[in-house]
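Here is what each chain is made of, one letter per residue.
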Amino acid sequence: EAFSLQEMMKKFDVLKIRSELDSLPNQKMSVREFCGLCSRFGVHEADALTLLAAFHESSIVLNFSTSSSAQLRDTVFIKPKDVLDTVWATFDLSGSVSLAEIELKQAELVVLRSEFRALDTAKSM
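Bear in mind that the values here come from a model prediction, so they are computed numbers and not experimental data. Each chain has its residues counted from 1, running along the sequence as written. With the structure being a predicted model, the display of local features is reserved for residues of pLDDT at least 70 and the display and counting of side-chain atom pairs for 80 or more, all residues being used for whole-chain, interface and lining totals. With hydrogens and water excluded, all non-hydrogen atoms of the structure serve as input to the side-chain values.

## Comments concerning the overall build of the chain
Defined as follows: In DSSP terms, a helix is any run of H or I states spanning at least four residues, a strand is any run of E spanning at least two, and both are numbered starting from the N terminus. Only C-alpha atoms enter the radius of gyration, while the globule expectation follows 2.2 Å times N to the 0.38, with N the number of residues. Classification of residues uses two cut-offs on accessible area relative to the type maximum, computed with a 1.4 Å probe and protein chains only: under 20% is buried, over 50% is exposed, and between them is partly exposed. Contact definition: two residues touch when any of their heavy atoms are within 4.5 Å. In short, Shrake-Rupley with a 1.4 Å probe defines the accessible areas, and a residue's cover is counted only from the protein chains shown. Residues counted as positive are Lys and Arg, residues counted as negative are Asp and Glu, and His and the chain ends are not counted. Note that the charge is assigned to NZ on lysines, CZ on arginines, CG on aspartates and CD on glutamates.
Along the chain, the regular secondary structure elements total 6 helices and 2 strands. Taking 125 residues into account, the globule formula puts the C-alpha radius of gyration at 14 Å, and the chain, at 27 Å, lies well above it. For the chain, the spread of C-alpha atoms along the three principal axes comes to 95 × 35 × 25 Å. When the 125 residues of the chain are sorted by exposure, 23% land in the buried category. Partitioning the contacts of the chain with sequence separation of at least 6, the portion at a separation of at least 24 is 45%. A total of about 9400 Å² of accessible surface is found on the chain, and carbon and sulfur atoms cover 60% of it. Averaging the positions of the 14 positive and the 18 negative side-chain charges in the chain gives two centres separated by 1 Å.

Right, here's the structure in full:
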């Protein structure tokens, strides 16, 4: 399927926008700033919002446009891996605390079982 020159230029603009996002040192920007970035590459606001949704669907950025939080709706997280790493660490979604707690409870059970055996032995005498 052949692309027109205009379609190819739009795709090239999208690549330039993505490259620009990758080069930014900050973690986030506002939706307005994202649209401003897109406009520097000739992308109009409506198309920029469509591009933002596509970038979100592709996990290139995170933008929760349907959130009940206005602040979250207006934020574009341009380093999604860093955001997800922070969430995983904050809520310990890796499971390390859970595993440590299980091991601690298992050790407590060993001690309790030995105490109950001693009580059972004393009771039966």
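## Points about the nonpolar core
Defined as follows: What makes a nonpolar core is a set of buried Ala, Val, Leu, Ile, Met, Phe, Trp, Tyr and Cys residues whose side-chain atoms join them at distances within 4.5 Å.
Formed by 19 residues in total, the largest nonpolar core has its most connected members in Ile17, Leu21, Phe34, Phe55, Val61 and Val76. Mapped by element, the contributors of at least two residues to this core are helix H1 (5–23), helix H2 (31–40) and helix H3 (45–57). Considering each element in turn, this core owes the most residues, 5 residues, to H2.

## Section: a nonpolar patch on the surface
For clarity, the cut-off: Residues enter a patch when their relative accessible area is above 30% and they make no salt bridge; the linking distance is 9 Å between like charges and 5 Å between nonpolar side chains (Val, Leu, Ile, Met, Phe, Trp, Tyr). Here, a salt bridge means any Lys or Arg side-chain nitrogen found within 4 Å of an Asp or Glu carboxyl oxygen.
A cluster of nonpolar side chains, namely Leu5, Met9, Phe12 and Leu15, defines an oily patch on the protein surface of about 440 Å² accessible area. Topologically, Leu5 is positioned in helix H1. Note on Leu5: relative accessible area 64%, which makes it exposed.

## As for the pattern of salt bridges
Taken as a whole and assessed by the stated rule, the structure comprises 3 salt bridges. Asp13 serves as the salt-bridge partner of Lys16, at 3.4 Å between the closest nitrogen and oxygen. Placement of the pair is Lys16 and Asp13 together in helix H1, with a separation of 3 residues, close to one helical turn. Given the relative accessible area of 30%, Lys16 is considered partly exposed. The salt bridge partner of Asp85 is Lys81, with a shortest N-O separation of 2.7 Å. Taken together, the residues Asp85 and Lys81, both in helix H5 (residues 80–90) and 4 residues apart, mark about one turn of the helix.

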